[in-house]
Amino acid sequence: MVGVLSNRVDREDVKAGDHVYSWRTAYLYAHHGIYVGDGMVVHFTRAAGHEIGTGTFLDWFLFSSSPAATTEGPSCQKCGHLIKRQGVIMSCLDCFLDGGSLYLFDYAVSPAFFLAKARGGTCTLAASDPSGVVIHRAQYLLHNGFGMYCLFKNNCEDFAIYCKTGLLVETAFSVGRSGQLASLTAAFSAVASSPLRFLTTSAGGLAVVTSGMYCVGRYVSDIGVRRDVVKVPVERLVEHWEQNVVASPPQGRAVETDVAAAAVGEVEAVRQTS
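It should be emphasised that the depicted structure is a prediction, and the values quoted were computed from it without experimental measurement. (Residues numbered from 1 in each chain as written. Predicted model: local features only at pLDDT ≥ 70, side-chain atom pairs only at ≥ 80, totals over all residues. Heavy atoms only, no water.)

Residue pairs spaced three or four apart in an α-helix point in one direction, given the helix's 3.6 residues per turn. The terminal C-alpha atoms of helix α4 (residues 131-144) lie 20 Å apart, and with 14 residues this matches the ideal 20 Å at 1.5 Å per residue to within 8%. Positive phi shows up at G145, right after α4, with a value of about 90°. (Helix = DSSP H or I, 4+ residues; strand = E, 2+ residues; numbered from the N terminus. Expected span 1.5 Å × (residues − 1).)

The phi angle of most residues is negative, glycine excepted, and most peptide bonds adopt the trans form. Positive phi values are uncommon outside glycine, yet D98 reaches one of about 50°. In this structure, A108 takes a positive phi of about 55° despite not being glycine. Secondary-structure assignment places A108 in the loop between β5 (103-104) and α3 (111-116). Relative accessible area serves as the criterion here: at 49%, A108 is assigned to the partly exposed category. (Buried < 20%, exposed > 50% of the residue type's maximum accessible area, 1.4 Å probe, protein only.)

What follows deals with the packing of aromatic side chains. Taken as a whole and assessed by the stated rule, the structure comprises 10 aromatic pairs. Ring centres of W23 and Y27 lie 5.7 Å apart, and the angle between their planes is 50°; this geometry places the pair in the tilted category. Y27 gets classed as partly exposed once you look at its relative accessible area, which sits at 47%. Relative to Y149, the ring of F44 lies with its centre 5.4 Å away and its plane at 45°, an arrangement referred to as tilted. Of the two residues, F44 is situated in strand β3 (residues 40-45) and Y149 in the loop between α4 and α5 (156-165); the sequence distance between them amounts to 105 residues. Judged by its relative accessible area of 1%, F44 is buried. Its relative accessible area of 17% is what places Y149 among the buried residues. (Phe/Tyr/Trp six-rings, centres within 6.5 Å; stacked < 30°, edge-to-face > 60°.)

Looking now at the nonpolar core. In this structure, I34, V36, V42, V88, L141, F146 and F159 are the most contacted members of the largest nonpolar core, which totals 27 residues. When contributions to this core are tallied by element, the ones reaching two or more residues are β2 (30-37), β3, β4 (87-92), α4, α5 and α8 (234-244). Per element, the largest residue contribution to this core is five residues, and it comes from α4. In this view, F159 contacts I34, V42, H43, F44, V88, A138, L141 and F146; residues no more than four positions away in its chain are not counted. (Core = buried A, V, L, I, M, F, W, Y, C linked by side-chain atoms within 4.5 Å. Contact = heavy atoms within 4.5 Å.)

With that out of the way, let us pick up the environment of L142. For L142, the location among the structural elements is in helix α4. Beyond its immediate chain neighbours, meaning those up to four positions away, L142 contacts V42, K84, V88, I89 and M90.

Take R226: it is sitting in the loop between α7 (203-221) and β7 (229-231). Under the relative-accessibility criterion, R226 is labelled buried at 11%.

Pairing is antiparallel across the open sheet formed by five strands, whose spatial order is β4-β3-β2-β1-β5. Unpaired on one side and paired on the other, β4 and β5 mark the two borders of the sheet. Taken together, the four bridges between β2 and β3 define a ladder with antiparallel strand orientation. Residue pairing in the sheet places G33 in a bridge with H43 of β3. (Pairing = 2+ DSSP bridges.)

As structure tokens, then:
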């Protein structure tokens, strides 16, 4: 049963259109995806067969807990013929979990419930769209892509939240929709950037101040309360990428951008035509 202590669920409790996730080694991070029925999950991965990555030395730690695609041994009987090495992919629930447990991401939770979940990446105050719309977005992006992978702005959790809500962050300098990244940012801000930590010298007082700043940081970063978000139809999002991201310059190199830039472009286009 999904609750404050755990979002763990049984397979028979998951319905098509649900946002599911699974913690990796030592709960270092969670991998997210959209369950589309028939035991299949659509999810977003980084290049080279890895689920996540930063392009820095931190990848050594991340890859050690991330299942990578391999050509050794027989492929999965159910989804081996579907697996791509990067981007939006579809795999069976067994391959998605990689031996881990199944968890359900909560939507439209109350502020009290949200703050009671000490770690981000498990729920949001934002409401989910109907399951049919969610599945349509996931399948559409499966065939058309979700742009360039970026751990800080456009990761697997960002993909799943977009499929569920259709919301994109239009502020280019902020983090994306990921609750996991928002939690890390809030924790860092609470410890390193808050001048309120100097108002008390006791350990208990410091803990209260730090916890309060952490909760506030998580709350204001949630996709359900942020003001820098916009709802973008998946067809227009992909059309924008095809016109501005996929198109190559004379040198033949692809133009790199992220979802935040795509959202800003969508907002400007709508304003110009209205």
